2 protein chains.
Amino acid sequence: MNSRYCVIMGGGVGSRFWPYSRKSMPKQFIDFLGTGRTLMQMSFDRAKSIVPIENIIVVTNEAYRDLVKEQLPELDDTQILLEPARRNTAPCIAWAAFHIHAINPDASMMVCPSDHLIFNEDLFRQEISHGFDFVESHDALLTLGIKPNRPETGYGYIQIGEKSDVDGILQVKTFTEKPDADIARIFVDSGEFFWNSGIFLWSAKSIMKALHDYAPDVYCKFEAGADKFGTNAENDYIKAKFAESPNISIDFAVMEKAPNVFVSCVNFGWNDLGAWGVLYEHSPKSKEGNVTQNCNTKLYNCNNNMIAVKRHDKLIVVSGLKNFIIADSDDVLLICPQSEEQRIKQFVNDVKSSFGDKYQ
Amino acid sequence: MNSRYCVIMGGGVGSRFWPYSRKSMPKQFIDFLGTGRTLMQMSFDRAKSIVPIENIIVVTNEAYRDLVKEQLPELDDTQILLEPARRNTAPCIAWAAFHIHAINPDASMMVCPSDHLIFNEDLFRQEISHGFDFVESHDALLTLGIKPNRPETGYGYIQIGEKSDVDGILQVKTFTEKPDADIARIFVDSGEFFWNSGIFLWSAKSIMKALHDYAPDVYCKFEAGADKFGTNAENDYIKAKFAESPNISIDFAVMEKAPNVFVSCVNFGWNDLGAWGVLYEHSPKSKEGNVTQNCNTKLYNCNNNMIAVKRHDKLIVVSGLKNFIIADSDDVLLICPQSEEQRIKQFVNDVKSSFGDKYQ
């Protein structure tokens, strides 16, 4: 059991929730559901129910060191891997694999994002345990595929192939990035497609071998310092070399290429907290359909709005808005129709063009 | 010339501009037009061009003592009269009159609000000088009536009567509070009605006599301490007795009753900065018709909005709003259609019912 590790990836910026999520305080560090625990803390709590605390690794950007230490005081400094640059998930996972492999060459790992929602945690634990069993007995890269309940166009899809020798785990036939609405409908109706959760399981050895074979430009940056991992020299090596790694996702670098990729088809109630609409959908609403987060409100002739405020004692008085997002964060206020939530990234880019990093 | 005094009344709360104007920082202390001078400072500057600085008196609520001292450092403490309670304009003016009369029994006074806009200051000075001449030679209560340029329903109106012996100054026939639209149209078309500016001129003796005759319940509260005014005992007397005075306006207490009330018909470009619409009207606009005060903005598909923010480095990103007011003040955000600006006072009252004084 002690060879099982959980790697929580928490270096993202969360710009689709801007300005509630800011570069200096991204969404994974926010108590988005008002439960008293941030998304990162909820991910940690789930990991803690699967592996011993000392086998939990958080990989994040070095800018978030203090946030992680503050929110997860149970972690030792050696359990927090601080990326000196943003290089997407492949280098992140490569580092975690080299790090864990140096500590325990027989380790198996779950890798997960820090900003998704999981509703049936018992089932989640069972599925993860099932997955660990599989990757500990197979040279396999396992991804969790979520049974889709709607033709979502914001997610990636996994097409299932041949069955494996283990119940509920199948070979992967194809990965498809965000499809258009017609294709998504066909995918869901076919029963052959599952949402790509970004939750992975593998042994350290298997992912290192796959990186070696299919992403050698990533692999070589870590392999060159192989003797440093798990020693005092690790951090200096990463500081010097991490940024040289290509900027590439693990899906693109490995999962879409390797032949030993499997999917575990699960249904534990999952949502990547990707944008305001998802949060709105999962939040308690007033009888007028308004969701208010973290603030006092007086609403007149208002329906189906999502109102989220960083400053917890702020009062929001609104008259005559329907289906809007109102997000206030100290020095930034965003007001836009919910139908435009996918434009928020563009707003953030426009703001960057005009004002530089000030409001990022 | 040294017997002429200017009394600036600046104790109001300005709730129609809430939350930009707050109880702790009412509109007269805000640089509303972005000129670098607050409305109070602009009133002071005008007064300074008419009378010697030492003849300027500011009457305000004691809560605003520090604001006045900070914004008008030229004033001596003895020139700032601090009301220990809110009692409308009659007690305010009575105190100023007793105070000035004690210093100079032959004084004449202009009394004006601190939160109006005056566009032709040269003409304003001429009219005030003309008015001082009149009240120094007549036992008269003179009010300035503004030639109306539209059937405004938010103002009080003065109906002119017989001419006086001085050009442009007439007897007052009636005062009418805010009329409905049909009546306002008749008033304006008749040429007999002028807007009540709330700017008054009189000698200290005349207003004290009028208070004695028509508002004895106000008058007696000050007369009882007549020997205290202009001495070190004045403030203690006011602290002990001011709140006992009835809460009543000078219009209702005196102007609508006294027989010696005159109006000077003027046209120097005047606006009481009563609500957002007035500010919107007088502010520079983008080509989409948006007015932004004190903030950075990124506006998409937005027209004719009034956006005002207290924190000067705040960024406001809005998509898809037309004809709205967006007013942000630290711990309060208001979003409402411009057509509802007269409801803001109600919003403030509702907020008070729910949250007490916290957001006032």
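In this report, we go over the structure that sits alongside the text. Values in this document were obtained by computation on a predicted structure and should not be read as measured data. (Residues numbered from 1 in each chain as written. Chains lettered and ligands numbered in written order. Predicted model: local features only at pLDDT ≥ 70, side-chain atom pairs only at ≥ 80, totals over all residues. Heavy atoms only, no water.)

**Overview of the environment of G356 of chain A**
All names here are of chain A. You can see G356 is positioned in the segment after helix 11 (344-355). Owing to a relative accessible area of 30%, G356 belongs among the partly exposed residues under this scheme. Residues G356 and M109, 247 residues apart in the sequence, show an inter-C-alpha distance of 39 Å. (Helix = DSSP H or I, 4+ residues; strand = E, 2+ residues; numbered from the N terminus. Buried < 20%, exposed > 50% of the residue type's maximum accessible area, 1.4 Å probe, protein only.)

**Description of the pairing of strand 15 (residues 315-319) of chain B**
Burial analysis of strand 15 of chain B places five of its five residues in the buried class, the great majority of the element. By the alternation rule, side chains of strand 15 of chain B split into L315, V317 and S319 of chain B and I316 and V318 of chain B, which are all buried. The pairing of strand 17 (residues 332-337) of chain A with strand 15 of chain B spans four bridges and is parallel. Bridged to L333 of chain A within strand 15 of chain B is I316 of chain B. (Pairing = 2+ DSSP bridges.)

**A look at the relation of the copies chain A and chain B**
For the pair chain A and chain B, the best superposition has an RMSD of 0.0 Å and corresponds to a rotation of 180° with a translation of 0.0 Å parallel to the axis. What we have between these two chains is a two-fold relation. Across chain A, the rotation axis passes nearest the C-alpha of D330 of chain A, at a separation of 3.9 Å. Comparing contact sets, 100% of the residues at the interface of chain A also lie at the interface in chain B, consistent with an isologous, same-surface contact. (Least-squares fit on C-alpha atoms with pLDDT ≥ 70 in both. Contact = heavy atoms within 4.5 Å.)

**A few points about the interface of chain A and chain B**
In many analyses, interface size is given as the accessible surface area lost on bringing the parts together. The interface is formed by 36 residues belonging to chain A together with 36 residues belonging to chain B. Viewed at the interface, chain B and chain A are joined by four salt bridges. For the interface between chain A and chain B, the tally reads 24 residue pairs in polar contact (both at pLDDT 80 or more). At the level of elements, strand 13 (296-300), strand 15 (315-319), strand 16 (324-329), strand 17 and helix 11 of chain A are the ones that each hand at least two residues to the side of chain A that touches chain B. Among the residues forming the side of chain A that touches chain B, the class breakdown is 19 nonpolar, six polar and eleven charged. (Salt bridge = Lys/Arg side-chain N within 4 Å of Asp/Glu carboxyl O. Polar contact = N/O pair within 3.5 Å; in protein donor to acceptor, adjacent residues only side chain to side chain. Nonpolar A, V, L, I, M, F, W, Y, C, P; charged D, E, K, R; others polar.)

**What to know about the sheet that holds strand 14 (residues 306-309) of chain B**
Strand pairing within a sheet occurs via backbone hydrogen bonds; the two strands may be parallel or antiparallel. The six strands lie next to each other as 13(A)-15(A)-17(B)-16(B)-14(B)-12(B), forming an open sheet whose pairing is mixed. Edge strands, defined here as strands with exactly one partner in the open sheet, are strand 13 of chain A together with strand 12 (291-293) of chain B. Taken over all neighbouring pairs, the strand axes of this sheet differ in orientation by 5° on average, direction set aside. Note that strand 14 of chain B and strand 16 (residues 324-329) of chain B share four bridges and pair parallel. Looking at the pairing, M306 of chain B lines up with I325 of chain B of strand 16 of chain B. Taken strand by strand, helix 11 (residues 344-355) of chain B contacts strand 13 and strand 15 of chain A together with strand 16 and strand 17 (332-337) of chain B, and its axis lies near 140° from that of strand 13 of chain A. (Axes fitted to C-alpha atoms, helices over the stretch in contact; angles between N-to-C directions.)

Honestly, it's all geometry; don't read function into it.
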